[in-house]
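One-letter residues, chain by chain:
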Amino acid sequence: MYLKRLEIQGFKSFAQKTVLDFEPGITAVVGPNGSGKSNVADSLRWVMGEQSLKLLRGKKSEDVIFAGSDRKSKLSFAEVSLTFDNKDHKIPSDYSEVVVTRRLYRNGESEYLLNNNRARLLDVVDMLLSCGFGATNYAVIGQGLIDQMIMAGPAEIKNLVEEASGVKPYYLKREKTIRKLEQTSENLSRVSELLNEIEPRLRSLKRQAKRMEEREVIAAQLASLQMEYFGNQSYLLETEIKAVSERLELKRVILVKLETEISSFQKTLEKEEQQTGQSNSFLEELEKKFKVLEDKKLSLLEKLAEIKGKLKAEVPITRNFNEFRQKFEDIINLLRPENIDEIKTKLKNLVLSYSTSKNDDLLGQKKTLDTELESTVKEIAEYNITRNKLLAEEKQKKSFLTEEEKKFRSKTFELTKLKDEQNLVLVEKAKLDTRLESLEKEIKEAFGHFPETLKNYKKAQVAAELPNQISKLKHQLELAGGVDEATMMEYRETQERFDYLTNQSKDLEGGVTDLRSVIEELDQIIKKQFDEAFGKISKKFEEYFRILFNGGRAQMTLLRAQANGEEEEVLPEEDEEPVVDGLKKKKGTMQIVGIEIKATPPGKKLATIAALSGGERALTAIALLCSMLACYPSPFVVLDEVDAALDEANSIRFAKILGTLAHQTQFITITHNRETMRQAHTLYGVTMNDEGVSKILSVKLEKAEAIAQ
Ligand code: ATP
């Protein structure tokens, strides 16, 4: 990888598009004072992303744009493109040429392009860093700045060595890691503080929660036992209620049957009573009629007796009247409804056998009366028959009714008894219902609701000591106190937060350990690389110093900070220092604050570099630059009149060294020095025309020697 081309347009004195092609090796840019040579170096700095206005020799950004002259007006933008040959792909890109472009407009707009694609400054810097070049302080050594390399102080020299050794990225990484470590440690201490704050509260909450958990265990045991107890109680009650209900139902059925029977008895009795009433009135009627007949019979008998008396007086009855009456009564007594006619005839014959025919009227009257009497007696007999029949019926009926009434009374008694019993059972059931109701209330009070699962516990038998156990557990619960849901909630939340913070703390501790080991690893790498670089560069520096000064002695020494802030010289190989802030600081690395250069030109006394002449300082700085380039070659270096202060002999020695280093580093050197020009493989001449515009003249290599002469 090397610089292939530089295209400048509108940049400082290069108003027109100017192209400089480079080859590996040394390219010398020559020309009169003020022609614009340093502007070439500036353009290289600028295109590579330089932001320092001081290094760009300007006050404002737009100072790099062609400002115009008496004869040419100013331009609106500046543009510089730098082409890298990337056939070796040292720049990590598929392109064999990589072009970096920077453009700035007067209105302040600016842009970077990488192979014509818009890019950020960061992309350009990264690209240059990736090929081992870029933000090095010695990539472009500005005019009059060579001795700054050693005059800037030990810290700056150390910085240059670090850049050369390639440990800078490790430093950046270390810085980043330290910042991360600080952040992580800060987070860790914040988390630890929080944990310390939470811990006592959590302990107290834990104690409370433990008590509540124990209480919950008791409550669970109690609930389980109560479930068994209540299950048993409700089972027993329900069984009793069921039995009572069945008894009630049975009684109800009997009651209904009894009531039906009683009602039927009632109906029968009523009917019978009605019929009896009718019979009685009929009998009464019959009795009345019977009495009338009896009265009629008596009157007939009286009449007959009267007639018989008359007959007796006039016509005495022949045979004895008493005999007749006896016979008459005997016949009458034989009277029956079925023999009425026979009796009638017998009576007639009797009367005829005892009567005389002297008084026919009386006899006729007697006969009529006899007939009437006969019919009356007959009627009486008939009535008697009916009456007797009725009375017999009545008697029969009466005994039936008595029987029915007995039954009716017995059933009514049975009904009353049954109703009493039913009432007793109802009372019994009501009591059981009340007990079940109060048991359900008790269950609801115990569980806060009526548990569905209670039916699983309905058993006929439970342990006898169950009620005892329940009251013991209730007592224990009372002693344990109530459950504070808010405390439990706070405990759970606090525990959750504590666990979260503990995990965070562990993660952060792990992070701190990891970051410390990363830093230690980086320290080891840095120490190793820096020690190696310092060893090589200081050795080479002493060598180049002797070459450039043709003798003399120079030395690079390490400076480290003391506890009092003063600097102290140290040797690179020293033992480990005590642990500071968790990181091992090692002598020769972490505490090294700079590199001091002591130079003694030939025949002189060892003195500080401040005591050297300008030329000596330039030579010492060149020795340092060359020693770094020899040990850690840079892809290219721009040197702007670094040889300005050298005398001829020193110029020759410098040119020789440059020639040697040019095998591994491409040099673009702006010079007035013939020896340097002589070493160049390409020579560019810069001139400025009357318009104040720089122009480039390409000079053939053969002519370079002549120009140098
Ligand atoms: P020397 O040999 O004396 O060091 P040089 O060749 O290196 O000279 P430069 O410093 O490159 O000269 O160029 C300086 C010239 O460039 C000056 O004449 C200055 O006026 C001109 N110049 C600088 N900035 C601009 C600008 N923005 N526009 C136009 N001309 C500029």
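The following paragraphs examine the structure supplied in this document. The structure presented is a predicted model; accordingly, all values stated were derived computationally and were not measured. (Residues numbered from 1 in each chain as written. Predicted model: local features only at pLDDT ≥ 70, side-chain atom pairs only at ≥ 80, totals over all residues. Heavy atoms only, no water.)

This part takes up the overall build of the protein. Tallying secondary structure elements over the protein gives 14 helices and 18 strands in all. Along the longest, intermediate and shortest principal axes, the C-alpha atoms of the protein span 240 × 65 × 40 Å. In the protein, buried positions account for 41% of the 709 residues. Within the protein, counting contacts between residues at least 6 apart in sequence, those at least 24 apart form 73% of the total. Just so you have it, the protein exposes about 39500 Å², and 51% of that area is on carbon and sulfur atoms. Charge-centre separation for the protein: the mean point of 110 positive side chains lies 3 Å from the mean point of 116 negative side chains. (Helix = DSSP H or I, 4+ residues; strand = E, 2+ residues; numbered from the N terminus. Buried < 20%, exposed > 50% of the residue type's maximum accessible area, 1.4 Å probe, protein only. Contact = heavy atoms within 4.5 Å. Areas by Shrake-Rupley, 256 points an atom, 1.4 Å probe, with all protein chains shown as cover. Lys, Arg positive; Asp, Glu negative; His and termini not counted. Charge placed at Lys NZ, Arg CZ, Asp CG, Glu CD.)

With that out of the way, let us pick up unusual backbone geometry. With phi around 45 degrees, Lys-12 is a residue other than glycine that occupies positive phi space. Position of Lys-12 relative to the elements: it lies in the loop between strand 1 (2-9) and strand 2 (18-21). Judged by relative accessible area, Lys-12 falls into the buried class, the value being 12%. Even without a glycine there, the phi angle at His-89 is positive, about 50 degrees. Considering the arrangement of structural elements, one finds His-89 in the loop between strand 4 (77-85) and strand 5 (97-105).

Let's shift gears to the nonpolar core. Counting 56 residues, the largest nonpolar core has Ile-537, Met-556 and Leu-624 as its most contacted members. Once residues lying within four places of it in the same chain are set aside, the contact partners of Ile-537 are Val-161, Ala-164, Met-556, Leu-624, Ser-627, Met-628, Cys-631 and Tyr-632. Grouped together as the second largest cluster of nonpolar side chains are 39 residues, Phe-14, Leu-44, Val-47 and Phe-84 included. (Core = buried A, V, L, I, M, F, W, Y, C linked by side-chain atoms within 4.5 Å.)

Let us now look at the pattern of salt bridges. Counted under the stated rule, the structure contains 39 salt bridges. Note that Glu-7 is salt-bridged to Lys-17, the shortest N-O span being 3.4 Å. Placement of the pair is Glu-7 in strand 1 and Lys-17 in the loop between strand 1 and strand 2, with a sequence separation of 10 residues. You can call Lys-17 exposed: its relative accessible area is 54%. Measuring nitrogen to oxygen at the nearest pair gives 3.7 Å for the salt bridge that ties Lys-60 to Asp-63. The partly exposed category is assigned to Lys-60, whose relative accessible area is 46%. Counted as one network, the salt bridges with shared partners bring together Glu-79, Arg-103, Glu-111 and Arg-118. (Salt bridge = Lys/Arg side-chain N within 4 Å of Asp/Glu carboxyl O.)

We now examine the site of the ligand. In the vicinity of the ligand, 19 residues are found, and the nearest of them are Asn-33, Gly-34, Lys-37, Ser-38 and Ala-67. Here Ser-35 contributes a backbone N or O atom positioned 3.1 Å from an oxygen atom of the ligand. Contact with the protein chains removes 74% of the 640 Å² of surface that the ligand exposes when unbound. The element best represented in the shell around the ligand is helix 1 (residues 37-47), accounting for three residues. Considering only residue class, the shell around the ligand consists of five nonpolar, nine polar and five charged. (Near = heavy atom within 4 Å. Polar contact = N/O pair within 3.5 Å; in protein donor to acceptor, adjacent residues only side chain to side chain. Nonpolar A, V, L, I, M, F, W, Y, C, P; charged D, E, K, R; others polar.)

In space, the six strands of this open sheet follow the order 2-1-4-5-6-7, with antiparallel pairing throughout. Unpaired on one side and paired on the other, strand 2 and strand 7 (117-119) mark the two borders of the sheet. Recorded for the sheet is a direction-independent mean angle of 20 degrees between the axes of neighbouring strands. Where strand 1 lies against strand 2, four bridges are found, and the strand directions are antiparallel. Bridge assignment links Glu-7 to a residue of strand 2, and that residue is Val-19. Along the sheet face, helix 1 touches strand 1, strand 2, strand 4 and strand 5 and points at about 80 degrees away from the line of strand 4. (Pairing = 2+ DSSP bridges. Axes fitted to C-alpha atoms, helices over the stretch in contact; angles between N-to-C directions.)

Before going further, it helps to spend a moment on helix 9 (residues 466-480). Taking 1.5 Å per residue as the helical rise, helix 9 with its 15 residues ought to reach 21 Å, and the 21 Å between its terminal C-alpha atoms agrees with that figure. Restricting attention to buried positions, one finds in helix 9 the residues Leu-466, Ile-470, Leu-473 and Leu-477. The arc that holds every buried residue of helix 9, seen down its axis, measures 65 degrees, which confines them to one face. Opposite the buried face of helix 9, by more than 90 degrees, sit the exposed residues Asn-468, Lys-472, Glu-478 and Leu-479. Looking one or two places after helix 9, you find Gly-481, whose phi comes out positive at around 80 degrees. (Expected span 1.5 Å × (residues − 1). Arc of directions from axis to C-beta.)

A word on helix 7 (residues 340-354). With 15 residues, helix 7 ought to run about 21 Å at 1.5 Å a step, and its terminal C-alpha atoms sit 21 Å apart, in line with that. Where helix 7 is concerned, the buried positions are Ile-340, Ile-343, Leu-347, Leu-350, Val-351 and Tyr-354. The arc enclosing the buried residues of helix 7, seen along the axis, measures out at 95 degrees, which places them on a common side. Opposite the buried face of helix 7, at more than 90 degrees from it, the exposed residues are Asp-341 and Leu-352.

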